[in-house]
Amino acid sequence: MSKDSKPTIEDLKKTLTLIVGQENILFANDNADADTDNSKMQPYLEESRQRKVGVAFAVIFPSTTDEVAKVVGTCRFHKVPMIAQGGNTGRCFGCQTDNPNAVIVNLKNMNHIREIDVENQTVTVEAGCILQDLQTAVAEKGLFFPLSLGAEGSCQIGGNLATNAGGINVLRYGNTRDLTLGIEAVMSNGTVLNELFELRKNNTGYDLKNLLIGSEGTLGIITAATFKLFPPESNSEHGFIAVNSVTDAINCLQQAQKRFAGKLSSFELIPNIAIECMEKHSQLKCPIGNQHPWYIWYKIADANIDKPLFDENITFLDELMNDGLVIDATVSQNEAMKQHFWQIRETIVDVQKYEGISLKFDISVPISAIPILIEKGIAAAKVICPDIRPYPFGHLGDGNLHYNFTCPKTMTDEEYLSQYQDKLYETIHDMVDGLDGSFSAEHGIGSQKVADMKRYKDPVALDLMRKIKHSFDPFNLMNPDKVLPKK
Ligand code: MLT
Ligand code: ZN
């Protein structure tokens, strides 16, 4: 580029290619071989369930923080939007874009674990590391990283941070935010924020890491983080129980919290329809029959192996039975059974698709409000669409339900979505709002829930968020059109 001429697309391509090398960048419609290139790009353009297919000018795979910084600096110079991307397992279209000029910055090459500090019980890891790889690496050092979710075999740490992911252990350990001690991120002007502290106390002004966590790439690109680690859950017991009602399930939760206090890690609600669906579409069988209205899978765990929890678990279930709260139950006798229970919980999510499309919700309300939400939500949904199939499951222990609604058997996916999607989202989200709940508990906002931000988020909060966005990203290049609604 000559000194006075305007930067061109060719300049942009050349600079980006120089930063990461030709093998680490894909361009749309690049050359005669365009089809091949586009097909290579496809997995990075579309959402994993193919519910949204996006576009982009390029997908780039930097390998170091320095490369990310250079990519961001270059994109800013050319005023090109940047979409940070991890494992692409998100549910709210947070890392797809409709902008053909955008560059997708995929972090998968930044997958190193920089340090496991056994003494301080921390790990520093790059954004592209797959969650399960992190869990395994720290387990090999005799430690435990508690973030755990269905997509852990493919989701990446950067995405977990960007969405403040939750999962099945939030009840005991908190969500990603609660596990994070420090952060490294590339800001919109290409500078690097280095706050990879291992500190458990650090009151030195504004907590920038907590602004970046959950910001979905709209304030900067997270490149690494330092997390707390814990003693392993070497001594764990699982239970699988059946109850008559959600109110009974909550009573069981309260009993479990009283008895096991800090040892209760997971407490997940599963409806009958999910068990039926799982048995129909997978090889798995429910260990206590498929006729009960509601099921709970729970896990108690301790690091101390000298005091097995098995007997206490049995006593707990005996008490629940005597109180008439539980209609059937079984406990894990070995590792295979524990795996089986966890597989059931994972599989009920995957098999939904075989019954037609589901409208997916990710709401949270105070736990005491869950029975009323389930009862009234189902009644309201049936008024709108009489043959709808409610499929509510999820993290009862922390008040986060995936209050899904599957398409009626008699309808096509397209008919269902076009006729009912908007009305159902509005009805359920209004109800959640009326119960002082949240329309997004652990999956984020992406582009999918931007309109909900406008409808439900406190206007003062929105105004402050817009000001923060502007000061972090004055040219609105970092994942634009996500999270914040237009004024
Ligand atoms: C889960 O809890 O299994 C997931 O958050 C649900 C989903 O991926 O839709
Ligand atoms: Zn979930």
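Everything that follows concerns the structure shown earlier in this document.
Residues numbered from 1 in each chain as written. Chains lettered and ligands numbered in written order. Predicted model: local features only at pLDDT ≥ 70, side-chain atom pairs only at ≥ 80, totals over all residues. Heavy atoms only, no water.

Draft legend 1. Region of interest: the sheet that holds strand E1 (residues 25–27). Strand order in the open sheet formed by four strands is E1-E2-E4-E3, and the pairing between neighbours is mixed. Either end of the sheet is taken by a strand with one partner, and the two such strands are E1 and strand E3 (82–85). On average, adjacent strands in this sheet sit at an angle of 15° to one another, irrespective of strand direction. Bridge count between E3 and strand E4 (residues 103–106): four bridges; the pairing is parallel. (Pairing = 2+ DSSP bridges. Helix = DSSP H or I, 4+ residues; strand = E, 2+ residues; numbered from the N terminus. Axes fitted to C-alpha atoms, helices over the stretch in contact; angles between N-to-C directions.)

Draft legend 2. Here's a closer look at the side chain of Ser358. With respect to the secondary-structure elements, Ser358 resides in strand E14 (residues 358–359). Setting aside anything within four residues of it in sequence, one finds Ser358 in contact with Arg51, Gln352, Phe405 and Thr406. (Contact = heavy atoms within 4.5 Å.)

Draft legend 3. Expanded view of the packing of helix H9 (residues 246–260) against helix H13 (residues 370–384). For the pair H9 and H13, the least separation of the axes is 9 Å and the interaxial angle reads 160°. For the element pair H9 / H13, the angle class is roughly antiparallel. Read as a crossing pair, H9 and H13 show a hand that is right-handed. Here H9 contributes Val246, Thr247 and Ile250 to the contact with H13, which in turn contributes Ile370, Pro371 and Ile374. Tallied by class, residues from the contact of H9 with H13 come to five nonpolar, one polar and no charged. (Parallel < 35°, antiparallel > 145°, perpendicular 65-115°, else oblique. Left-handed = near helix turned anticlockwise from the far one by under 90°. Nonpolar A, V, L, I, M, F, W, Y, C, P; charged D, E, K, R; others polar.)

Draft legend 4. Structural context of the site of ligand 1. Every residue close to ligand 1 is listed here: Arg91, Arg345, Val349, His395, His402, Glu442 and His443. Taking Arg345, its side chain carries an N or O atom lying 2.8 Å from an oxygen atom of ligand 1. Calculation on ligand 1 without its partners gives an accessible area of 270 Å², and the protein chains cover 84% of this total. Grouping the amino acids of the shell around ligand 1 by side-chain chemistry returns one nonpolar, three polar and three charged. (Near = heavy atom within 4 Å. Polar contact = N/O pair within 3.5 Å; in protein donor to acceptor, adjacent residues only side chain to side chain. Areas by Shrake-Rupley, 256 points an atom, 1.4 Å probe, with all protein chains shown as cover.)

Draft legend 5. Main features of the packing of aromatic side chains. On inspection of all chains with the given rule, the structure shows 18 aromatic pairs. Consider the rings of Phe144 and Tyr173, whose centres lie 5.6 Å apart with planes at 70°: the pair is edge-to-face. Taken together, the residues span a long stretch of sequence, with Phe144 in the loop between helix H4 (131–140) and helix H5 (157–163) and Tyr173 in helix H6 (residues 170–173) at a distance of 29 residues. As far as burial versus exposure is concerned, Phe144 and Tyr173 are alike and both buried. (Phe/Tyr/Trp six-rings, centres within 6.5 Å; stacked < 30°, edge-to-face > 60°. Buried < 20%, exposed > 50% of the residue type's maximum accessible area, 1.4 Å probe, protein only.)

Draft legend 6. Main features of H4. Among the residues making up H4, those that are buried are Leu131, Leu134, Gln135, Ala137 and Val138. Along the long axis of H4, the arc covered by the buried residues comes to 170°, so they all point the same way. Elements in contact with the buried residues of H4: strand E5 (113–117), strand E6 (122–126), H5 and strand E9 (220–228). Looking one or two residues beyond H4, the residue adopting positive phi is Gly142, at roughly 80°. (Arc of directions from axis to C-beta.)

Draft legend 7. Examining the pairing of E6 more closely. Among the five residues that make up E6, five are buried, leaving the element largely enclosed by the rest of the structure. A two-sided burial pattern is seen for E6, the buried positions comprising Thr122, Thr124 and Glu126 on one face and Val123 and Val125 on the other. Here E5 pairs with E6 via four bridges, running antiparallel. Paired with Asp117 across the strands is Thr122, a residue of E6. Linkage of E5 to E6, two consecutive antiparallel strands, is achieved through a turn of four residues, within which Gln121 is found at a positive phi near 55°. Bridge count for E6 against E9 is five bridges, and the pairing is antiparallel. By the bridge assignment for E9, Glu126 is matched with Ala224.

Draft legend 8. Seen up close, the sheet that holds E6. Pairing is antiparallel across the open sheet formed by five strands, whose spatial order is E5-E6-E9-E7-E8. In the strand order of this sheet, the two ends are held by E5 and strand E8 (192–195), each with one partner. The average angle at which neighbouring strand axes cross in this sheet is 15°, direction not considered. The sheet contact formed by strand E7 (residues 180–187) and E9 spans seven bridges and is antiparallel. Directly across from Met187, in E9, lies its bridge partner Gly220. The sheet strands contacting helix H3 (residues 65–77) are E5, E7, E8 and E9, and the helix crosses E7 at an angle near 40°.

Draft legend 9. Structural detail: the coordination of the zinc ion (ligand 2). Listed as protein donors to the zinc ion (ligand 2) are His395 (NE2), His402 (NE2) and Glu442 (OE); their distances from the metal cover 1.8 to 2.1 Å. In terms of primary sequence, the donors binding the zinc ion (ligand 2) are separated according to H-x6-H-x39-E. A residue pair is termed long-range when its members are at least 10 positions apart, and His395 in strand E16 (residues 389–395) and Glu442 in the loop between helix H14 (413–434) and helix H15 (450–456) qualify at 47 residues. The same class applies to His395 and to Glu442, which are both buried. (Donors = N, O, S within 2.8 Å, 3.2 Å for Na, K, Ca; no water.)

Draft legend 10. Layout of the packing of helix H1 (residues 9–20) against H3. Where H1 contacts H3, the two axes come as close as 9 Å, and the packing angle between them is 175°. In terms of axis orientation, H1 runs roughly antiparallel to H3. For the pair H1 and H3, the contacting residues are Leu12, Thr15, Leu16, Ile19 and Val20 in the first and Glu67, Lys70, Val71, Thr74 and Cys75 in the second.

Draft legend 11. A look at unusual backbone geometry. Look at Asn88: it is not a glycine, yet its phi comes out positive at around 60°. Along the chain, Asn88 turns up in the loop between E3 and E4. Despite not being glycine, Ala261 shows a phi value in the positive range, around 45°. Secondary-structure assignment places Ala261 in the loop between H9 and strand E11 (264–271). With relative accessibility at 51%, the residue Ala261 sits in the exposed group.

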